[in-house]
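An overview of the molecular structure
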Amino acid sequence: MSGRATPPLAGVVGWPIGHSKSPAIFAHWFERLGVAGRYVPLPVRAEDFPEVVRALPKAGFVGINCTIPLKEAALGLADEATDAARAIGAANMIRFAGGQIVADNTDAFGFLENLAAGAPCWHAASGPALVLGAGGAARAVLHALIGAGVTELRVANRTPERAEALAEVFGPAVAVVPWESRAEAAAGAASIVNATALGMTGQPPLEMGLDAAPATALVTDLVYAPLETPLLADARRRGMVAIDGLGMLLHQARPAFAAWFGVDPPVDGALRRACTA
């Protein structure tokens, strides 16, 4: 009988899940760092999610990532939740510990780490931020920017009621901007963030002019398929610093890998190439 322990098992849960880059991220880290572990995609419908999650520890899982449309449900299942998960209202990571379901949200961390890597000169005092969108990604971005010290956030969303709801949650730092005025709201903005799915492959385009934006504005798009969105291409043509959304995805995976497998992994060019090959 072998004395070797079974490698820790983790995975990503969602519906659909075939598009996820998380298995490629973790596979790269396992091989590069020589870490024993397995990470698998788990296609799970929303109605089956609670039952599946509660069964996973018995199957050897130490944790899971949760993607659309299960992030809010993941927080609702938790016995414990981090401050970030509670503030954002969703969890993208679950850790199984001592019979408990512990929920966390690493999206805000991933967003700020991506900014630090792509625009090391950016800082919160640079000025206002314009955020497009009011879904879970936008909530993570607002939480990150407020935590970093941004004091003025302009939020534009196609459904204004959702933007108003964010203003109620995140307080007076958030000002709601009509969707049709989004381009004008870029005036004086130090940061512009697309946190919608617009511009993603298979989705309608994001129509966002940058004429009013300062030449020094930092533009980031959370969309990473395609990697170079029209918004980023326009920003680069204007000489602005433009950051794609893949880095956020890569950095948000770091805390999960560290929690489950005991090593803080690197995010670098080799990992980006592994995920875009």
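Rules of the game
- Residues numbered from 1 in each chain as written.
- Predicted model: local features only at pLDDT ≥ 70, side-chain atom pairs only at ≥ 80, totals over all residues.
- Heavy atoms only, no water.
- Helix = DSSP H or I, 4+ residues; strand = E, 2+ residues; numbered from the N terminus.
- Rg over C-alpha atoms; globule rule 2.2 N^0.38 Å.
- Buried < 20%, exposed > 50% of the residue type's maximum accessible area, 1.4 Å probe, protein only.
- Contact = heavy atoms within 4.5 Å.
- Lys, Arg positive; Asp, Glu negative; His and termini not counted.
- Charge placed at Lys NZ, Arg CZ, Asp CG, Glu CD.
- Phe/Tyr/Trp six-rings, centres within 6.5 Å; stacked < 30°, edge-to-face > 60°.
- Pairing = 2+ DSSP bridges.
- Axes fitted to C-alpha atoms, helices over the stretch in contact; angles between N-to-C directions.
- Salt bridge = Lys/Arg side-chain N within 4 Å of Asp/Glu carboxyl O.
- Right-handed = clockwise from strand over helix to strand, strands pointing away.
- Core = buried A, V, L, I, M, F, W, Y, C linked by side-chain atoms within 4.5 Å.

1. Here's the deal with the overall build of the protein chain
When its secondary structure is counted, the protein chain shows 10 helices and 12 strands. Taking 2.2 N^0.38 as the reference for a compact globule, 277 residues should give roughly 19 Å; the C-alpha atoms of the protein chain span a radius of gyration of 19 Å, in line with that estimate. Along the first, second and third principal axes, the C-alpha set of the protein chain runs to 70 × 40 × 35 Å. Burial statistics for the protein chain: of 277 residues in total, 49% are counted as buried. Considering only contacts in the protein chain between residues 6 or more positions apart, those separated by 24 or more positions represent 67%. Counting 21 positive and 25 negative side-chain charges, the protein chain places the centres of these two groups 7 Å from one another.

2. Concerning the packing of aromatic side chains
Inspection of the entire model under this criterion finds 12 aromatic pairs. Summarising the aromatic geometry, the rings of Phe26 and Phe257 are spaced 5.6 Å apart at their centres and angled 45° between planes, so their arrangement reads as tilted. Taken together, the residues Phe26 in helix 1 (residues 22–33) and Phe257 in helix 9 (residues 246–261) connect sequence positions 231 residues apart. We classify Phe26 as buried; its relative accessible area is 0%. Centre to centre, the rings of Phe26 and Phe261 are 6.4 Å apart; their planes meet at 65°, and the pair counts as edge-to-face. Highlighted residues: Phe26 in helix 1 and Phe261 in helix 9, separated in sequence by 235 residues. Taking relative accessible area as the criterion, Phe261 reaches 10% and is therefore assigned buried. Clustering of aromatic rings is evident, with ring pairs tying together Phe26, Trp29, Phe30, Tyr39, Phe257, Trp260 and Phe261.

3. Digging into the sheet that holds strand 6 (residues 100–104)
Across the sheet, six strands lie side by side as 2-1-3-5-6-4; this open sheet has mixed pairing. The sheet is open, and its two borders are formed by strand 2 (38–43) and strand 4 (80–81), each paired with just one other strand. As paired elements, strand 4 and strand 6 share two bridges and run parallel to each other. Bridge pairing in strand 6 links Ala81 to Ala103. Across the sheet, helix 9 is in contact with strand 1 (9–14), strand 2, strand 3 (61–66) and strand 5 (93–97); its angle to strand 5 comes to roughly 10°.

4. Brief notes about the pairing of strand 10 (residues 191–194)
Walk down a regular strand and you will see the side chains alternate between the two sheet faces. Burial of the side chains of strand 10 extends over both faces: Ser191 and Val193 are buried on one face and Ile192 and Asn194 on the other. Where strand 7 (residues 129–132) and strand 10 come together, four bridges link them in parallel fashion. Residue Val131 lies in a different strand from strand 10, and its bridge partner there is Val193. Here strand 10 runs beside strand 11 (residues 218–221); their pairing, made up of four bridges, is parallel. If you follow Ile192 over to strand 11, its bridge partner there is Val219.

5. Some remarks on the pattern of salt bridges
The final tally for this structure, using the stated rule, is 11 salt bridges. Ionic pairing is found between Asp268 and Arg32, a salt bridge with its closest N-O pair at 2.4 Å. On the criterion of sequence distance, the pair formed by Asp268 in the loop between helix 9 and helix 10 (269–276) and Arg32 in helix 1 is long-range, its members being 236 residues apart. Judged by its relative accessible area of 23%, Asp268 falls in the partly exposed class.

6. Remarks on the pairing of strand 2
Across six bridges, strand 1 lies against strand 2 in parallel orientation. Note on strand 2: the bridge partner recorded for Ala10 is Tyr39. A crossover links strand 1 with its parallel partner strand 2, the connecting element being helix 1, and its sense is right-handed.

7. Side note on the sheet that holds strand 11
Strand pairing in a sheet relies on backbone hydrogen bonds. The paired strands run either parallel or antiparallel. The parallel open sheet is built from six strands, whose spatial order is 9-8-7-10-11-12. The open sheet has two free edges, formed respectively by strand 9 (174–177) and strand 12 (241–243), since each of these has just one partner strand. With strand direction ignored, the average angle separating the axes of adjacent strands in the sheet is 20°. In this sheet, strand 8 (residues 153–156) lies alongside strand 7 in parallel orientation, the contact comprising four bridges.

8. Thoughts on the nonpolar core
Nonpolar side chains tend toward joint burial in soluble globular proteins. Counting 31 residues, the largest nonpolar core has Phe111, Trp122, Val131, Leu142, Leu145 and Leu153 as the members making the most contacts within it. Of all the secondary structure elements, the ones that give two or more residues to this core are helix 5 (107–118), strand 7, helix 6 (136–148), strand 8 and helix 7 (160–170). A total of six residues in this core trace back to one element, the largest contributor, which is helix 6. Among residues more than four places away in sequence, those in contact with Phe111 are Val141, Ala144, Leu145, Val193, Thr220, Leu222 and Met248.

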